[in-house]
Amino acid sequence: MEYCRIAPFALALASCTLLSAAESGAKPAVTFSHDVAPIFYQHCVVCHHPNDIAPMSLVTYKEARPWAEAVREAVAGRKMPPWHADPSVGVFRNDARLSGADIATIEEWAKTGAEEGNPADLPPAPVFHDGWHFQPDVVFTIPPEQVSSAGQDEYEYIYVPTNFTEDKWVQVAEVLPGDRRVVHHATVSVVSADAVPKSEAHREKSAAGGDKYRYTTGKVQHLRPEVPVVDDGCSDPGGGALPGEKQYINRVPAIYLPGHLPEVRPPGYALRIPAGSYLQFQIHYSNRLGRTVTDRTAIGIKFAEEPVTHEVAQYEIWNNMFLIPPGDANHRVTSCFTLPKDVMAVAYTAHMHYRGKSMKTEAIFPDGHHQMLYSVPKYDFHWQETYFLENQFILPKGTKLVTTAYFDNSPNNPLNPDPTKAIRWGEPSGEEMMGFWLAFSDITPGGEHAAGGK
Ligand code: HEC
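Engineer: Just to check I follow, could you spell out the overall build of the chain for this structure?
Structural biologist: Within the chain one finds five helices and 22 strands. A compact globule built from 454 residues should have a C-alpha radius of gyration of about 22 Å, and the chain, at 23 Å, falls within 12% of that. A principal-axis box enclosing the C-alpha atoms of the chain has dimensions of 75 × 55 × 50 Å. Residue burial in the chain is summarised as follows: out of 454 residues, 54% are buried. Considering only residue pairs separated by 6 or more positions, the chain has 81% of its internal contacts joining residues 24 or more positions apart. Here the chain displays about 20100 Å² of accessible surface, and carbon together with sulfur accounts for 54% of that area. Positive and negative side-chain charges of the chain, numbering 39 and 54 respectively, have mean locations separated by a distance of 4 Å.

Engineer: Just checking my understanding: could you explain helix 1 (residues 32–43) for this structure?
Structural biologist: In an α-helix, one turn spans 3.6 residues; hence positions three or four apart end up facing the same way. For helix 1, which comprises 12 residues, the first-to-last C-alpha distance of 14 Å sits more than 12% below the rise-based estimate of 16 Å (1.5 Å per residue). In terms of residue burial, helix 1 counts as a mostly covered element, since 11 of its 12 residues are buried. Looking at helix 1, one finds that the buried residues are Phe32, Ser33, Asp35, Val36, Ala37, Pro38, Ile39, Phe40, Tyr41, Gln42 and His43. Buried residues belonging to helix 1 abut helix 2 (61–64), helix 3 (68–76) and helix 4 (100–111). If you check the start of helix 1, you find a side-chain oxygen 3.1 Å away from the backbone N of histidine 34, and it comes from threonine 31.

Engineer: Got a minute to help me understand the sheet that holds strand 18 (residues 356–364) in this structure?
Structural biologist: Pairing is antiparallel across the open sheet formed by four strands, whose spatial order is 16-21-18-19. Two strands bound the open sheet, and with one partner strand each, they are strand 16 (331–338) and strand 19 (370–376). Taken over all neighbouring pairs, the strand axes of this sheet differ in orientation by 15° on average, direction set aside. The sheet contact formed by strand 18 and strand 21 (residues 400–407) spans eight bridges and is antiparallel. Directly across from glycine 356, in strand 21, lies its bridge partner phenylalanine 407.

Engineer: Just checking my understanding: could you explain the pairing of strand 11 (residues 269–273) for this structure?
Structural biologist: For a regular strand, the rule is simple: side chains alternate between the two faces of the sheet. Here strand 11 lies mainly inside the structure; five of its five residues are buried. Sheet topology places strand 4 (residues 168–176) next to strand 11; three bridges connect them, and they run antiparallel. Counted as the bridge partner of tryptophan 169 is arginine 272 from strand 11. Pairing of strand 11 with strand 15 (residues 310–318) involves two bridges; the strand directions are parallel. Paired with tyrosine 269 across the two strands is histidine 310, which belongs to strand 15.

Engineer: Can you walk me through the site of the ligand in this structure?
Structural biologist: Neighbouring residues of the ligand: 22 residues in total, closest Cys44, Cys47, His48, Lys79 and Met80. The separation between a nitrogen atom of the ligand and a polar side-chain atom of histidine 48 is 2.7 Å. A distance of 3.2 Å separates an oxygen atom of the ligand from a polar side-chain atom of lysine 79. The set of elements that each furnish at least two residues to the shell around the ligand consists of helix 1 and helix 3. Looking at the shell around the ligand, the element that brings in the most residues is helix 3, giving four residues.

Basis of the calculations
- Residues numbered from 1 in each chain as written.
- Predicted model: local features only at pLDDT ≥ 70, side-chain atom pairs only at ≥ 80, totals over all residues.
- Heavy atoms only, no water.
- Helix = DSSP H or I, 4+ residues; strand = E, 2+ residues; numbered from the N terminus.
- Rg over C-alpha atoms; globule rule 2.2 N^0.38 Å.
- Buried < 20%, exposed > 50% of the residue type's maximum accessible area, 1.4 Å probe, protein only.
- Contact = heavy atoms within 4.5 Å.
- Areas by Shrake-Rupley, 256 points an atom, 1.4 Å probe, with all protein chains shown as cover.
- Lys, Arg positive; Asp, Glu negative; His and termini not counted.
- Charge placed at Lys NZ, Arg CZ, Asp CG, Glu CD.
- Expected span 1.5 Å × (residues − 1).
- Polar contact = N/O pair within 3.5 Å; in protein donor to acceptor, adjacent residues only side chain to side chain.
- Pairing = 2+ DSSP bridges.
- Axes fitted to C-alpha atoms, helices over the stretch in contact; angles between N-to-C directions.
- Near = heavy atom within 4 Å.

Structure, rendered in structure tokens:
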């Protein structure tokens, strides 16, 4: 028996089909039906099926055949499946990379005429439901939202009641944009019913003039130009956060970012939605279609089936005070955060915009030893994955998390909207962010709630 690796999309597979190519002495020809389809079904078709994010379907032989050479090139060069963490740092349960054997099979297939073989050998094709990449137990959809093209960049906050009468535990969740052309990102957070009016009032106030550090244009925020510049957050008492603002804890069942697949928490680890909570959809719309469209973004949730031993929450650690000079091709920004309690590390996400070039986080333990947690050597705005650890481990109270990012604000960065501008923190993608999010739990099973009183 061969072990079937658990990838998020494996959930959508009815079964994982096993290869038995080398059973007999003679080496049979490599065919689509027998050898290649099982690889595609497990590693590719989650995106490469009709009407999903990839440009072509790889489900049937007829669809896949014209792409044989392109596929060979993409897998040999490890461009596909997309995966941006340095494989020599950390071991991740959602590691999407193909094995050397799978790459060799695909290469052999393409080089020997990309044959179909016997259709009877085909494994059952995975089934996808209404755009979801897993099968949700429950779906919450925002009311129809009119997205005008006037503002181009807008952050909307939309609250949807869960009407849960008891606490619920989220194992898997995915945010599905209603209209991919205008939904730039969407973060769904859990908030209590009484927090809804408070946060709306706060936003109205800041829209009216911003606060000490931020100003607002339309429905987006920017850093005030007079805020002091701190590129090396680790040289700053606040670690790079705005003075007086804490790096905060958030409960995020799922986020939609480009290239992001469902968030699958390890067995026993789940995110709690307390009874009566609301889901806050923070949606960044960017409508360049020249006309108003209607969006209905949704979140799909699968509840934990096994007993939950660890409640998951996340620290969002930022440098919000950097300045990237115009034309600078390699601008370094750091943030530092010292853990206020023992935590169990569960997952990492690196977040920057178009000028993001690389990011990594190193832990400096209280005993002085260092450990690199992850490294994204070639950050790509279009592929913002969350890296779920294969083995959770303890980061003790007092551990310092040092995040180092590089930005490319030069004309040689093809995504750079404007290399002539000095760039500071701002919500529009044309401005920048520098964020490291650590998903964590308490270290003791069933201990105090990770998300604290929030
Ligand atoms: C997470 C989603 C995702 C997965 C998984 C994925 N792809 Fe892709 N693929 C894309 C998207 C989106 C594009 C187009 C944008 C790009 O090239 O980055 C693409 C592009 C490609 C291209 C280039 C097409 C062209 O225009 O030249 C090939 C070939 C390809 N994928 C093959 C594969 C194969 C083979 C696998 C599995 C081994 C795979 N992909 C897995 C999303 C995915």
